[in-house]
Amino acid sequence: MSKILEVKAKVEAGKTKLIAGLVQEALDEGIKAEDILQAMVDSMGVVGDKFSTGEIFVPEMLIAAKAMAKGVEVLKPLMASDSASSLGTCIIGTVAGDLHDIGKNLVSMMVESAGFKMVDLGVDVPAQKFVDAIKENENVTLVACSGLLTTTMPALKEAVETIKASGLAVKVIVGGAPVTPEYAAEIGADGYAPDAGSAAVKAKELVTA
Ligand code: B1M
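As the structure is a computational prediction, the values presented were derived from the model and not from experiment.

Participant: Honestly, the pairing of strand β3 (residues 140-146) in this entry has me stumped. Any pointers?
Facilitator: On any regular strand, side chains alternate: one points to one face of the sheet, the next to the other face. With seven of its seven residues buried, β3 lies for the most part within the structure. Bridging between strand β1 (residues 89-94) and β3 involves six bridges; their strand directions are parallel. Looking at β3, one finds that Gly93 is bridged to Cys145. Here β3 runs beside strand β4 (residues 171-175); their pairing, made up of five bridges, is parallel. Across the sheet, Leu142 pairs through a bridge with Lys171, a residue of β4.

Participant: Even after reading the chapter, I still don't get the coordination of the cobalt atom of the ligand, so can you show me in this structure?
Facilitator: Each donor-metal-donor angle would ideally measure 109.5 degrees in four-coordinate tetrahedral geometry, or 90 or 180 degrees in six-coordinate octahedral geometry. Counting protein donors to the cobalt atom of the ligand gives just one, His100 (NE2), placed at 2.2 Å. As for its position among the elements, His100 is in the loop between β1 and α5 (102-113).

Participant: When you look at the packing of helix α4 (residues 58-79) against α5 in this model, what are you seeing that I'm missing?
Facilitator: A pair of packed helices is captured by two measures, namely the crossing angle of their axes and the spacing between those axes. Two elements in contact, α4 and α5, have axes whose closest approach is 11 Å; the angle formed by their N-to-C orientations is 5°. Taken together, the axes of α4 and α5 are roughly parallel relative to one another. Across from Ala65, Met68, Val72, Lys76 and Met79 in α4, the residues of α5 making contact are Ile102, Leu106, Met109, Met110, Glu112 and Ser113.

What counts, and where the lines are drawn
Residues numbered from 1 in each chain as written. Predicted model: local features only at pLDDT ≥ 70, side-chain atom pairs only at ≥ 80, totals over all residues. Heavy atoms only, no water. Buried < 20%, exposed > 50% of the residue type's maximum accessible area, 1.4 Å probe, protein only. Helix = DSSP H or I, 4+ residues; strand = E, 2+ residues; numbered from the N terminus. Pairing = 2+ DSSP bridges. Donors = N, O, S within 2.8 Å, 3.2 Å for Na, K, Ca; no water. Axes fitted to C-alpha atoms, helices over the stretch in contact; angles between N-to-C directions. Parallel < 35°, antiparallel > 145°, perpendicular 65-115°, else oblique. Contact = heavy atoms within 4.5 Å.

And the structure:
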């Protein structure tokens, strides 16, 4: 089995202890970090499908997520550039009621590499906490809100509305699997991105426009 397929299979199987070594072996074989990351993202798609069909349950989903996080740790130094945080500070978090953080962490990594200093509030972040963080940190230019569940899309709306109602001069970008550009516009977000790479491009565009 090729190394990249092995990484994919082991993430799906949640072999947490093996992933870092396998990812390193794949890199040593000359496989690009971006391709390894994509293989792991694809694994999570397979895991989600298996969950939908009742083949696996929440614990297996969680273990697969932990395995992917171990792999991302190995890739992170290769993907984040050392550009100075010249675009200001970006507050990032997954909205209230939502515990998914892999996508948010990838977005954080890519937005950081675009030139922002990142302040990560983690998961299950209440709307007001985003506002408090804008006030508590210096030179906040952007807030990035992630939401992965259809049931937490109203929390995304509340986060954007609360930030906008605060009157603080920051741009807000939203994203996550159930979010569409139409929904982002409807809830008053300044920007939307479908994935981590385009989130970095959009983030830069929003604060330099
Ligand atoms: Co959950 N889960 N989960 N889960 N989980 C999904 C999201 C689901 C689609 C699975 C399924 O049913 N097929 C489904 C949601 C259905 C829906 O709402 N439409 C679901 C469900 C139902 C649940 C629970 C309700 C299950 C239960 O308890 N019965 C529960 C909810 C808990 C909660 O949050 N309150 C739950 C729990 C969990 C775990 C904790 C076990 C675990 C998360 C662990 C963790 O994150 N640390 C988990 C996992 C792993 C998944 C799947 C399998 C993988 C998610 C993931 O990491 N994907 C997921 C199925 C799937 O995604 N196919 C699923 C990989 C990641 C790179 O992609 O997060 O989409 P993603 O991020 C992308 C883009 O969306 C985008 O860029 C990222 C990278 O390119 N993006 C942004 C994300 N945020 C962005 C922000 C931006 C811009 C782009 O700007 C700010």
